[in-house]
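# Residue-level structure breakdown
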Amino acid sequence: MSIRTYEDNNSSLLFMVRVDLRSRYNRNIRVVRKAHGIKSEAAAIREEKKMYRLCTDLLHKKENQGASLGALIRKWAKHSDLSRVKTGEVGSKLIYDHKLTLQKWLKPYLSKPAYDFTDYMYSEVIRKMQVENISRSQLIKFKRMVKVIYEFGLTYNHLPQGTKVPQAELKMPSKAEFVPEILSHEEIMKLVEEAIVQKHPWRFVWIVALLTGMRSGELRALMWSDVAWTNKLIRVSKSVEQVSKQIKSTKAGYWRDIPISPELERLLKEVRLETKDTGFVLPRIPKWDSGCQAEVLRSFCKQVGLPSIRFHTLRACFATQLLQNGVEAAKVMKICGWRDLSTMQRYVRLAGIEVMGVTDSLSVLPPTDFGSKIVHIRRI
């Protein structure tokens, strides 16, 4: 608190009062109020006492409510950028996407104290998401994000202790499972053939993706120093983050080796003639830098009469082709860098290897020449 004097334009002596209070329990909570143009010291003292009581009440109120829901989301995103992103634990795009998702669906409540976000409000948000056909898996992920930001707020005193993590007591019905995008072997061959014939600028990127199963960011970060010609291996240890454009670790956080097949070796030798001077294996494409890889691929597939697929589907094509060719699921999982068995199981289902040949032992039809014998008997 302070009282100061100053002179106005007419050289008259005036008083200014300033009250600045900060919470003893949470240093992020602060209340500041000022008043000026006071004509006497006595009036300034009275104003200071009045302002102090007002600031004290506001401070107590803020201490009891904590940060608004919008501020809590921003604080969580900033903290994650300074900790998890910089250490390479996650990519900045993931944090950015989570932040936008939370802000989008919680928009009506962003200005409210997070302390006052009730279970009923939360359930209304979930209902709205269901009406707009948000998948069950995305709803579960959203609920997990809400829980994370509240736990963050309690841990770092952005919320008053005792704040209840909101719960949406709403049954989320399972929806029909859709078959993921995938290309057959014939469709893959057509994609490659058309890309080569048309000399498409993305042809090398697509073919290397189909022959390695690497993610888009890993392909962008791949350098010739990562290619071991003698051992016929590609070392995958880094990835380009989509938002920041910085090179970080792979999505799984660990390196892996991918065998170089004869076809891939032949292709790499051809690519090297064009990109050796850049240091990077694949050409630098402007639309790749702007994150348009899925859009370009979908457009090309439509043009040549193939099913519309996103860029990540090329990775699925790589995995399913290996599985259908008899490669063990554990080896495919290691080459692709999957730690989650449930993710691997999805590709096993797509390849159909679990059920392949299961029905071969069934026998309900007569011998193949049975029909001709019946016709012969009828003629007689």
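Check the entry above for the structure.
An account of the accompanying structure is given in this report. (Residues numbered from 1 in each chain as written. Predicted model: local features only at pLDDT ≥ 70, side-chain atom pairs only at ≥ 80, totals over all residues. Heavy atoms only, no water.)

## Structural notes on the side chain of R315
Here R315 is to be found in helix α12 (residues 313-324). For R315, which is buried and forms no salt bridge, the nearest opposite charge comes from E218, at a distance of 4.7 Å. Looking at R315, its side chain comes within polar contact range of the main-chain oxygen of G213, at 2.6 Å. Side-chain polar atoms of R315 contact the backbone oxygen of C336, separated by 2.8 Å. Here R315 is in contact with G213, R215, R256, C336 and W338, once residues within four sequence places are set aside. (Helix = DSSP H or I, 4+ residues; strand = E, 2+ residues; numbered from the N terminus. Buried < 20%, exposed > 50% of the residue type's maximum accessible area, 1.4 Å probe, protein only. Lys, Arg positive; Asp, Glu negative; His and termini not counted. Salt bridge = Lys/Arg side-chain N within 4 Å of Asp/Glu carboxyl O. Polar contact = N/O pair within 3.5 Å; in protein donor to acceptor, adjacent residues only side chain to side chain. Contact = heavy atoms within 4.5 Å.)

## Digging into the sheet that holds strand β5 (residues 233-236)
By definition, the strands of a sheet pair up through backbone hydrogen bonds, in either a parallel or an antiparallel sense. Across the sheet, which stays open at both edges, the three strands sit in the order β4-β5-β8 with antiparallel pairing between neighbours. Edge positions in the sheet fall to β4 (227-228) and β8 (256-259), since each of these pairs with one other strand and no more. Bridge count for β5 against β8 is four bridges, and the pairing is antiparallel. Across the sheet, L233 pairs through a bridge with P259, a residue of β8. (Pairing = 2+ DSSP bridges.)

## Focus on the packing of helix α2 (residues 69-85) against helix α5 (residues 136-155)
At a closest axis distance of 10 Å, the pairing of α2 and α5 adopts a crossing angle of 85 degrees. Comparing the axis directions of α2 and α5 gives the class roughly perpendicular. Contact with α2, carried on its side by L69, L72, I73, K75, W76 and H79, involves V148, I149, Y150, F152 and G153 of α5 and no other residues of that element. Looking at the contact of α2 with α5 residue by residue, the classes come out as eight nonpolar, two polar and one charged. (Axes fitted to C-alpha atoms, helices over the stretch in contact; angles between N-to-C directions. Parallel < 35°, antiparallel > 145°, perpendicular 65-115°, else oblique. Nonpolar A, V, L, I, M, F, W, Y, C, P; charged D, E, K, R; others polar.)

## Description of the nonpolar core
Core analysis: the largest hydrophobic core is formed by 52 residues, its most contacted members being L191, W206, I234 and L314. Within the residue set of this core, elements represented by two or more residues are α6 (185-197), α7 (203-212), β5, α9 (262-275), α11 (293-303), α12, α13 (329-336) and α14 (341-351). Looking at this core, the element that brings in the most residues is α7, giving seven residues. Discounting chain neighbours no more than four positions away, the residues touching L191 are L183, W206, L210, L297, F300, C301, L306 and L314. (Core = buried A, V, L, I, M, F, W, Y, C linked by side-chain atoms within 4.5 Å.)

## Considering α9
Look at α9: 20 Å from first C-alpha to last across 14 residues, which is about the 20 Å you get at 1.5 Å a residue. Three or more residues of α9 are buried, namely L264, E265, L267, L268, V271 and T275. The inward-facing, buried residues of α9 abut α7, β4, β5 and β8. (Expected span 1.5 Å × (residues − 1).)

## With respect to the sheet that holds strand β1 (residues 2-7)
Judged by pairing direction, the sheet is antiparallel, and its three strands sit side by side in the order β1-β2-β3 without closing on themselves. Bordering the open sheet on either side are β1 and β3 (30-38), each of which pairs with just one other strand. With direction set aside, neighbouring strand axes in the sheet form an average angle of 20 degrees. Alignment of strand β2 (residues 13-22) against β3, held across seven bridges, turns out to be antiparallel. Bridge assignment links R22 to a residue of β3, and that residue is R30.

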